[in-house]
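# Summary of structural features
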Amino acid sequence: MAIFHVYFDLTLLENPEIPVWDVLSRVWRGVHGASVKAQVPFAVAFPRYMNRGFQLGNVFRVFVSSTEEAERLYDMIDSRDDLKEWVSGSRIRAASKTDRYEAYVMHRLSSSTVGLQYRQNEEMLNQQHLRRTRQLAQQQSLPFVRMRSSTGNTFRLVFERVAVAADASGMPNGYGLSRRNSLVAIPVVD
C-alpha cells in the first residue's frame, strides 16, 4: 500500500501567447513521461481547483510515496528541456498530519457504440447511447485538460475532486488520477 504524502509544486509560468490550460497540458504530459522513465508513480492535486470560476489554477502539485522517489521524479522533470520554459518547481516537502484527504478522480466515457451494431440489438445500442449522453452531460460541469497520447491522438482528461477517507489506498493511473474503484488519498495541504 503506497501512501502519497511527499510532494512538490510545479508552478505554471505565464505566457501571454499560450493559454494556461495549454501550458498545463504540456506540463502534465511531461510529468507523465518523466514518471514512466523514472518508474515513480505519482498522484496529482490542484490547490487552486475552482477557486476563481471554472479553472484549475497555476499550481500542479505532485505527490509521491517517499523523498527518494520525489527527488528521482523531480530530477527527471528538471532535466527535460521541453519543460523549463513552462514551470518553476518548489522544494520537496512532506505533508503535515491532517484529517482532510482528497482524491482527483478521472471520469471516463463508456465505450463507443461504433462497431457494436452487428453484435447487439437495437435496444442495447439505445441504452448505451443514453448512458453515454448522461455521462457527457455530467462531464460538462467538470474541469478537463486536453491531452495528446504518445500515438498523437487527442483526448479530454476529465476529472473531479472528491473528499475521501485517509485509508483510501488505491494506486493512481499513469496521469496521477484516481479511478472510481481505486481512490488515492492525498492530504489537503493548506
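Residues numbered from 1 in each chain as written. Predicted model: local features only at pLDDT ≥ 70, side-chain atom pairs only at ≥ 80, totals over all residues. Heavy atoms only, no water.

## A look at the pairing of strand S8 (residues 154-164)
Bridge analysis of strand S6 (residues 101-107) against S8 gives 7 bridges, and the strand direction is antiparallel. The residue of S8 that forms the bridge with Tyr101 is Val164. In the sheet, strand S7 (residues 144-148) pairs with S8 via 5 bridges, with the strands oriented antiparallel. The residue of S8 that forms the bridge with Phe144 is Val158. In textbook terms, the turn of a hairpin is the stretch between consecutive antiparallel strands, and for S7 and S8 this stretch comprises 5 residues, one of which, Gly152, has a positive phi near 95 degrees. (Pairing = 2+ DSSP bridges. Helix = DSSP H or I, 4+ residues; strand = E, 2+ residues; numbered from the N terminus.)

## What about the nonpolar core?
A general trend in soluble globular proteins is that nonpolar side chains are found buried together. Trp28, Phe46 and Phe60 are the most contacted members of the largest nonpolar core, which has 44 residues in total. Of all the secondary structure elements, the ones that give two or more residues to this core are strand S1 (6-12), helix H1 (20-38), strand S2 (43-45), strand S3 (59-64), helix H2 (67-78), S6, S7 and S8. Looking at which element gives the most residues to this core, the answer is H1, with 7 residues. Ignoring sequence-local partners within four residues, the contact set of Trp28 consists of Phe42, Val44, Phe46, Phe60, Val145, Met147, Leu157, Phe159, Tyr175 and Leu177. Residues Ala103, Val105, Val164 and Ala168 belong to the second largest nonpolar core, which totals 5 residues. (Core = buried A, V, L, I, M, F, W, Y, C linked by side-chain atoms within 4.5 Å. Buried < 20%, exposed > 50% of the residue type's maximum accessible area, 1.4 Å probe, protein only. Contact = heavy atoms within 4.5 Å.)

## Digging into H2
Here H2 contains 12 residues, and its C-alpha end-to-end distance of 16 Å stays within 8% of the 16 Å for a straight helix at 1.5 Å per residue. Buried residues along H2 sit in contact with S1, H1, S3 and helix H3 (81-84). (Expected span 1.5 Å × (residues − 1).)

## So, H1
The end-to-end C-alpha distance of H1, which contains 19 residues, comes to 26 Å, matching closely the 27 Å that a straight helix rising 1.5 Å per residue would cover. Listed in full, the buried residues belonging to H1 are Val23, Leu24, Ser25, Val27, Trp28, Gly30, Val31, Ala34, Ser35 and Ala38. Two residues or fewer after H1 comes Gln39, characterised by a positive phi angle close to 55 degrees.

## Observations regarding the sheet that holds S7
To summarise the sheet geometry, strands pair through backbone hydrogen bonds and adopt either a parallel or an antiparallel arrangement. The strand order S7-S8-S6-S9 describes an open sheet built from 4 strands, whose pairing is antiparallel. The open sheet has two edge strands with one neighbour each: S7 and strand S9 (186-187). When S6 meets S9, the two strands line up antiparallel, connected through 2 bridges. By the bridge assignment, Tyr101 is partnered in S9 with Pro187. On the sheet, H1 packs against S7 and S8 and is oriented at approximately 55 degrees with respect to S7. (Axes fitted to C-alpha atoms, helices over the stretch in contact; angles between N-to-C directions.)

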